[in-house]
Amino acid sequence: MKAVAVFPGSREVKVIDQEDPRISQPDQVMLRMLDIGICGTDKEICTFEYGTPPPGDDYLVIGHEALAEVVAAGSAVKRFRAGDLVVPSVRRPCPHPGCLACRAGHQDYCYTGDFRERGIEQAHGYMAEHAVDQERYLNPVPPDLREIAVLTEPLTIAEKALSQITWMMQRRPPWLDPQTPAEERGRGLSALVLGIGPVGLLGAMVLASAGFTTYVYSRELPPSPRIDLVAAIGATYVSSQAATFADLAERIGNIDLVYEAVGHSHFALEALPVLGTNGIFVLTGVPGMQAFIEADPARLMRDMVLKNQVVLGTVNAGPDAFASALRNLDAFRRRWPAVVAALIAGRYPPERAPDLILGRPAGIKTVIAFDAP
Ligand code: BGC
Ligand code: ZN
């Protein structure tokens, strides 16, 4: 079968021909990969800055944002049968008996760092015609989400973040009443999303639909289709070329939530001073090596203490976030059909993957499909 692989030793990214995987244990499921999204992490892996091949291999099959169809299931598999659609999770638990997180099925909170991630860290990914996975790592997808379910994994980042902060918000007066319905969690609160890539846009959709008055701040200037999408979900776009962080703070008032989706450390640091009283700052980007800059830690610390602020980093996601991402995708496509339709930039064959990953992203989410023309 065909697969897209990165060879760190020879610094190559190419389509390879690989033996088909096989079901070898009763709890395994054979998948035919339908759609595989590409993201900034794939770009870092394909520029040899991130990611590791499985032990003993000199290459890594990439791809971690996937939608697949079940083609066969081992004898112990209960939840899936041929024809079902699934989205796999990315991280696999570490082997250490003492890791409470992994032993409880919460490997997104792994303590040891010895986890593997499919398509990223010591495990081959999903940019292949077929893949085999254990049942427990697969999330069921309703058939009518076939066209958009490849967006599930990038959406889980915002889902996990929002469920984390909701828990905190409910305990931080005067924010949320624990009785507030999920759809209104953000009512009366403002959110500032940094970045207008897929993670930022999907984050803005989650926040706007939870009732936050949502702003998106990035470099891009209008006219731009992405900026149009921000307006279409009822959020406000502000370009960093037209307004500073200080201008933003003046315009928004108390900024209750900052959702960072850029992965640039300088930009994140510049945003910290505008976080409001009782505010939460969520970091989702994984920055590469960046230049040193000067900062004023006393000012940051003073603000954080005197304003009861929280800085929260979040990575990966568990089954609850996958389930709520799938529910939200369904809600989004009903509420904003044109926006959801515009999120997927196009489907391309695997031969195009190296160029698409390394080039400038054209639309919002670029997808590899093995049957694309
Ligand atoms: C993936 C996560 C992963 C993270 C760090 C992200 O692109 O979406 O699943 O945990 O990279 O490797
Ligand atoms: Zn990703």
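What comes next concerns the included structure. (Residues numbered from 1 in each chain as written. Chains lettered and ligands numbered in written order. Predicted model: local features only at pLDDT ≥ 70, side-chain atom pairs only at ≥ 80, totals over all residues. Heavy atoms only, no water.)

Helix and strand counts for the chain come out as 11 helices and 19 strands. Against the compact-globule benchmark of 21 Å for 373 residues, the chain has a radius of gyration of 21 Å, which places it among compact chains. The principal-axis extent of the C-alpha atoms belonging to the chain is close to 60 × 45 × 45 Å. Summarising the internal contacts of the chain: among those between residues at least 6 apart in sequence, 68% fall at separations of at least 24. (Helix = DSSP H or I, 4+ residues; strand = E, 2+ residues; numbered from the N terminus. Rg over C-alpha atoms; globule rule 2.2 N^0.38 Å. Contact = heavy atoms within 4.5 Å.)

All of the protein donors around the zinc ion (ligand 2) are Cys39 (SG), His64 (NE2) and Glu65 (OE); their distances to the metal are 2.1 to 2.6 Å. Sequence spacing among the residues donating to the zinc ion (ligand 2) works out to C-x24-H-E. Accessibility classification places His64 together with Glu65 in one group, the buried group. (Donors = N, O, S within 2.8 Å, 3.2 Å for Na, K, Ca; no water. Buried < 20%, exposed > 50% of the residue type's maximum accessible area, 1.4 Å probe, protein only.)

Another aspect to go through is helix α9 (residues 319-335). The end-to-end C-alpha separation of α9 is 24 Å, in line with the 24 Å expected for 17 residues at 1.5 Å each. For α9, the complete set of buried residues consists of Ala321, Phe322, Ser324, Ala325, Leu326, Asn328, Leu329 and Phe332. On its buried side, α9 packs onto β6 (85-88), β11 (138-141), α3 (152-169), α4 (198-209) and α10 (337-343). (Expected span 1.5 Å × (residues − 1).)

On to the state of the cysteines. Enumeration according to the criterion identifies 0 disulfides in this entry. Of the cysteine sulfurs around Cys94, a residue in no disulfide, the closest is that of Cys102, at 3.8 Å. (Disulfide = S-S within 2.5 Å.)

In the contact formed by α3 and α9, the axes pass within 8 Å of each other and the chain directions differ by 105°. Considering their axes alone, α3 and α9 lie roughly perpendicular with respect to each other. Of α9, the residues touching α3 (which contributes Thr152, Glu153, Leu155, Thr156, Glu159 and Lys160) are Ala321, Phe322, Ser324, Ala325, Leu326, Asn328, Leu329 and Phe332. Taken together, the residues that form the contact of α3 with α9 break down as 7 nonpolar, 4 polar and 3 charged. (Axes fitted to C-alpha atoms, helices over the stretch in contact; angles between N-to-C directions. Parallel < 35°, antiparallel > 145°, perpendicular 65-115°, else oblique. Nonpolar A, V, L, I, M, F, W, Y, C, P; charged D, E, K, R; others polar.)

Applying the stated criterion to the full structure yields 21 salt bridges. Arg187 is paired through a salt bridge with Glu184; the nearest N and O atoms lie 2.2 Å apart. The salt bridge partner of Arg334 is Asp330, with a shortest N-O separation of 3.2 Å. A residue pair is termed a helical-turn pair when its members lie 3 or 4 positions apart in one helix, as Arg334 and Asp330 do in helix α9 at 4 residues. For Arg334, a relative accessible area of 59% translates into the label exposed. (Salt bridge = Lys/Arg side-chain N within 4 Å of Asp/Glu carboxyl O.)

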